[in-house]
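A closer look at the structure
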Amino acid sequence: MKDAIHPIKIGISACLLGEPVRFDGGHKRHDFINDALSHYFSFVPVCPEVAIGLGIPREPIRLVATAEAVRAVGTRNPGMDVTAALRDYAAQTAVGLDDISGYIFKKGSPSCGMERVKVYHDNGMPQAQGRGIYADELLRRMPLLPAEEEGRLEDPVLRENFIERVFIYHRWQRLSRATMTPAALVAFHTEHKYAILSRGQTAYRQLGRLVARAGDRNTEFATLCDEYIALLMRTLATPAKRGHHANVLMHMLGYLKNQLESQDKQDLLRHIDDYRRGIVPLVVPLTLLNHFLRKHPDRYLQRQRYLLPYPEQLSLRNSI
């Protein structure tokens, strides 16, 4: 199943696109983002420090713990406190970029870092325990938004998980802007069942129970949709484990067991087990499964986004 062509907008720290917006006038261009992801996403570059008027070049800022809260202040001039300005700009961005489907932040940044940002304490020593002020406020206001740091995108599992979440969230946004109905919610859930199951049985059952209430006259449908997408995005934020992927592949095999010849079935079982044990990447059993589906079409399985969650040219499942 292929998506219709719609631009997928992604917020991103401008320096990662090669824009010279850092405090020293430099940038942090990221090759994978610019050379691979740029073919599929429309990037919306943001540098909150420049946006609030700090200029280029500028005095660097850092996070400092006070008795009340963590503040973003100048490294040479602690009296230059830009905490409120960064939070205000994040609030404006959350409103102005309400159509983005994901965000890539600059790791370690006192404005944009998602996690493990250095926070300086009274003893002058930093601890990697904070979150950039702008990122913190933006994600507080956009809790469903798939987000990652460019450093974590070097991890194949985290990279694949982030891209999958972006495409799923984008489909939900498109559906929400159209006419959301109980039937549309059921169809969306059905298409993503195996993506959900790849995270385990618990959330799979919880989301199924929510969808089962979609036609209940005593249920406020808009509230149910809010509960559904909140739980779905929390569920997807945890990358799927090998065992769960293997479980999904076994479920899919069950739909074809009466159509496959004995040798074909054994070949697929062997590839699934090889994947479970870490001998081959996920693309190997999936390629064979898709081959058998072309020979023995099954409408239910062919609706599953799990089989093609994003453009295959990204080759993300070759490395997990």
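Our subject is the structure listed above.
Residues numbered from 1 in each chain as written. Predicted model: local features only at pLDDT ≥ 70, side-chain atom pairs only at ≥ 80, totals over all residues. Heavy atoms only, no water.

Focus: the overall build of the protein
Counting its regular elements, the protein contains 13 helices and eight strands. The principal-axis extent of the C-alpha atoms belonging to the protein is close to 75 × 50 × 35 Å. Partitioning the contacts of the protein with sequence separation of at least 6, the portion at a separation of at least 24 is 66%. Counting every atom, the protein has about 15500 Å² of accessible surface; 49% of that belongs to carbon and sulfur. (Helix = DSSP H or I, 4+ residues; strand = E, 2+ residues; numbered from the N terminus. Contact = heavy atoms within 4.5 Å. Areas by Shrake-Rupley, 256 points an atom, 1.4 Å probe, with all protein chains shown as cover.)

Here we look at the sheet that holds strand 1 (residues 8-13)
Spatial ordering of the open sheet is given by 2-1-5-8, a layout of four strands whose pairing is parallel. At either end of the open sheet lies a strand with only one pairing partner, and these are strand 2 (41-46) and strand 8 (147-149). Sheet twist, expressed as the average angle between the axes of neighbouring strands with direction ignored, equals 25°. Examined bridge by bridge, strand 1 and strand 5 (residues 102-105) share three bridges and lie parallel to one another. From the neighbouring strand, I10 faces strand 5, where its bridge partner is G102. Strands strand 1, strand 2, strand 5 and strand 8 of the sheet are contacted by helix 5 (residues 156-177), whose axis makes an angle of about 150° with strand 8. (Pairing = 2+ DSSP bridges. Axes fitted to C-alpha atoms, helices over the stretch in contact; angles between N-to-C directions.)

Details of the sheet that holds strand 3 (residues 61-65)
Read from one edge of the open sheet, four strands run 4-3-6-7, paired in mixed fashion. On the outer flanks of this sheet lie strand 4 (70-74) and strand 7 (126-130), each paired with one strand and no other. Pairs of neighbouring strands in the sheet enclose a mean axial angle of 50°, with direction left out of account. As judged from the four bridges shared by strand 6 (residues 117-120) and strand 7, these two strands associate in the antiparallel manner. Paired with Y120 across the two strands is P126, which belongs to strand 7.

Looking at helix 9 (residues 221-236)
Look at helix 9: 22 Å from first C-alpha to last across 16 residues, which is about the 22 Å you get at 1.5 Å a residue. For helix 9, the complete set of buried residues consists of F221, L224, C225, Y228, I229, L231, L232, M233, T235 and L236. (Expected span 1.5 Å × (residues − 1). Buried < 20%, exposed > 50% of the residue type's maximum accessible area, 1.4 Å probe, protein only.)

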